[in-house]
Amino acid sequence: KLLLLVLPPKLAMQGHLEKVHAKSHAFTPSSAKRYFFLTPQPSATLLYFRSEADCRVGKVRGFVNIGADCRVETDVSGSRSFVVHTPERQLRLIAESPSEAQRWVTAISAVARGSGPPAPPLQRQRPGRRDTWRQMREAAAEEVVSRAATAR
């Protein structure tokens, strides 16, 4: 069963970034290329997919809620990497160039400071015996789509 994800009409930004694995070591970090898109307020979410094709069919790999308490930091001036800090998690990302990284940092920061009250964050739930991570990702994608539809 595939979930069809309808993209909201206004995307703050979209494109490929490398996501550094949370459990990778500082001296030998491992990463995977993912396709990201950032939705503006009121749903303010950074979603990522395994590929652009997965994005088209709605196979959400994960997401980060972007709220007023979100911070974005670059590692070093002129660096390709940056970190998105939220109360739930930290997401270390690497862009293809320093200018691309700066565009993402600016876009995420602008969405975090966005106008209007932010929507309640998407809920992460631990899977039970019968739940799977896929079902949780599909539920999160459905929630983002419903928020985008009500925001229109």
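Whatever comes next refers back to the structure up there.
Overview of the structure. Positions within a chain are numbered from 1, following the residues in the order the chain's sequence is written. Local features in this predicted model are restricted to residues of pLDDT 70 or higher, and side-chain atom pairs are both shown and tallied only at a pLDDT of 80 or more, whereas totals for entire chains, interfaces and linings draw on every residue. With hydrogens and water stripped out, all remaining heavy atoms of the structure feed into the side-chain values.

General note: in soluble globular proteins, nonpolar side chains tend to be found buried as a group. Core analysis: the biggest nonpolar cluster contains 23 residues, and L46, I66, F82, W104 and I108 have the highest contact counts within it. Elements that contribute at least two residues to this core include exactly β1 (13-20), β2 (31-38), β3 (45-49), β6 (81-85), β7 (90-94) and α2 (98-112). By residue number, the principal contributor to this core is α2, which donates seven residues. Residues contacting F82, with those up to four places away along its chain left out, are L17, V72, E73, T74, D75, L91, R92, L93, A101, W104, V105 and I108. Side-chain atoms within 4.5 Å are what join buried Ala, Val, Leu, Ile, Met, Phe, Trp, Tyr and Cys residues into a set we call a nonpolar core. Burial classes follow relative accessibility: with a 1.4 Å probe on protein chains only, a residue under 20% of its type's maximum area counts as buried, one over 50% as exposed, and anything between as partly exposed. Ranked by size, the runner-up nonpolar core spans eight residues in total, among them Y35, L47, C55 and F63. Helix and strand assignments come from DSSP, with helices taken as H or I runs of at least 4 residues and strands as E runs of at least 2, each series counted from the N terminus. Any two residues whose heavy atoms approach within 4.5 Å at even a single point are treated as in contact.

Salt bridges are defined as contacts in which a side-chain nitrogen from Lys or Arg sits within 4 Å of a carboxyl oxygen from Asp or Glu. Under the definition given, this model contains three salt bridges. A salt bridge links E100 to R103; its shortest N-O distance comes to 2.7 Å. Separated by three residues within a single helix, E100 and R103 lie in helix α2, roughly one turn from each other. Judged by its relative accessible area of 48%, R103 is partly exposed.

We now examine the side chain of S81. Note on placement: S81 falls in strand β6. Take S81: its relative accessible area is 12%, and that puts it in the buried class. Each residue touching S81, except ones within four places of it in the same chain, is listed here: T74, D75, L93 and I94.

A few words now on the sheet that holds β6. Ordered by their spatial adjacency, seven strands build an open sheet running β4-β3-β2-β1-β7-β6-β5, and the pairing between neighbours is antiparallel. Only two strands of the sheet have a single partner each, and these edge strands are β4 (60-65) and β5 (71-74). Strand-to-strand twist in this sheet, taken as the mean axis angle between neighbours without regard to direction, amounts to 35 degrees. As paired elements, β5 and β6 share four bridges and run antiparallel to each other. Each residue of the ladder has a partner; that of V72, found in β6, is V84. Contacting β1, β2, β3, β5 and β6, α2 crosses the sheet at an angle of about 110 degrees to β1. Between any two strands, pairing holds if DSSP finds at least two bridges. Note on definitions: angles span 0 to 180 degrees between N-to-C directions of axes, and those axes are lines fitted to C-alpha atoms, for helices only across the stretch in contact.

Honestly, it's all geometry; don't read function into it.
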